[in-house]
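# A structural walkthrough
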Amino acid sequence: MKLKTWLGILTAVVAVFTVQAQDMSDEAIKERIKPLGTVHIAGAEAQAAAGAGAGGAKSGEDVYNQACMACHGAGVLGAPKLQVAADWQPRIDARGLDGIWQNALNGINAMPPRGACGNCSDDEIKAAIEYMVEGI
Ligand code: HEC
């Protein structure tokens, strides 16, 4: 087997372990959203394997598509919609980007903590928000 192939496999294994280790530290969230979490972890593993070599954190757009679009695409339950200034501006004015980031991490009303993405890092959540408010 070629060295490059081995490196690819190694990267995928490390990525999957990293995803699982992060998830362990969020035991409470994982318990609460179990069905969603299970589906999500399977997706993350597939993504880690597919993206091996490309490596690193998920982009804001990837996180959005994976974990936020379900609500923020159509504005489910009053969620501010993707790149709609009228939805986002009042929130940014009131709390700033850091404030809405904290609310996304901790949850606010019908918005679950981290959008129920148990294995998204703080920075990945931030990247997803930056993607949602892009151009505003
Ligand atoms: C289950 C539906 C749902 C999912 C999934 C979801 N959100 Fe939300 N989100 C909401 C709702 C509803 C609100 C409005 C909450 C309110 O202000 O009452 C909201 C509000 C927010 C806000 C504004 C917070 C503020 O302080 O005004 C941010 C930022 C945010 N979501 C980020 C995200 C990110 C990032 C993701 C994906 C990782 C995500 N959301 C996934 C439903 C969701």
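Named according to an unreviewed UniProt entry, the protein chain is C-type cytochrome originating from Alteromonas aquimaris.

Let us now look at the pattern of salt bridges. Scanning the model with the defined rule gives four salt bridges in all. For the salt bridge of Asp87 with Lys81, the shortest nitrogen-to-oxygen distance reads 3.0 Å. You can call Asp87 partly exposed: its relative accessible area is 21%.

Around the ligand, a shell composed of 26 residues is seen, among which Cys68, Cys71, His72, Arg95 and Met111 lie nearest. Arg91 has a polar side-chain atom sitting 2.7 Å from an oxygen atom of the ligand. Contact distances for the ligand include 2.8 Å between an oxygen atom and a side-chain N or O atom of Asn109. Those elements giving two or more residues to the shell around the ligand turn out to be helix H4 (60–72), helix H5 (85–106) and helix H6 (122–132). If you tally residues by element for the shell around the ligand, the top one is H5, at six residues. Residue classes in the shell around the ligand are distributed as 18 nonpolar, five polar and three charged.

Two numbers describe how H5 lies on H6: the axes approach to 9 Å, and their chain directions differ by 160 degrees. Taken together, the axis directions place H5 and H6 in an arrangement best described as roughly antiparallel. Like other packed secondary-structure pairs, H5 and H6 cross with a definite hand, here right-handed. Residues Trp88, Leu97, Asp98, Ile100, Trp101, Ala104 and Leu105 of H5 touch H6, and the partners they reach there are Asp122, Asp123, Ile125, Lys126, Ile129 and Met132. For the contact of H5 with H6, the class distribution of residues is nine nonpolar, no polar and four charged.

Apart from glycine, the bulk of residues carry a negative phi angle, and the bulk of peptide bonds sit in the trans form. Phi is positive for Leu77, close to 60 degrees, though the residue is something other than glycine. Note on placement: Leu77 falls in the loop between H4 and H5. Overall, the relative accessible area of 67% leaves Leu77 in the exposed class. For Gln83, which is not a glycine, the phi torsion comes out positive at approximately 55 degrees. Secondary-structure assignment places Gln83 in the loop between H4 and H5. According to the relative accessible area criterion, Gln83 is partly exposed, its value standing at 35%.

Scoring rules and cut-offs
Residues numbered from 1 in each chain as written. Predicted model: local features only at pLDDT ≥ 70, side-chain atom pairs only at ≥ 80, totals over all residues. Heavy atoms only, no water. Salt bridge = Lys/Arg side-chain N within 4 Å of Asp/Glu carboxyl O. Buried < 20%, exposed > 50% of the residue type's maximum accessible area, 1.4 Å probe, protein only. Near = heavy atom within 4 Å. Polar contact = N/O pair within 3.5 Å; in protein donor to acceptor, adjacent residues only side chain to side chain. Helix = DSSP H or I, 4+ residues; strand = E, 2+ residues; numbered from the N terminus. Nonpolar A, V, L, I, M, F, W, Y, C, P; charged D, E, K, R; others polar. Axes fitted to C-alpha atoms, helices over the stretch in contact; angles between N-to-C directions. Parallel < 35°, antiparallel > 145°, perpendicular 65-115°, else oblique. Left-handed = near helix turned anticlockwise from the far one by under 90°. Contact = heavy atoms within 4.5 Å.

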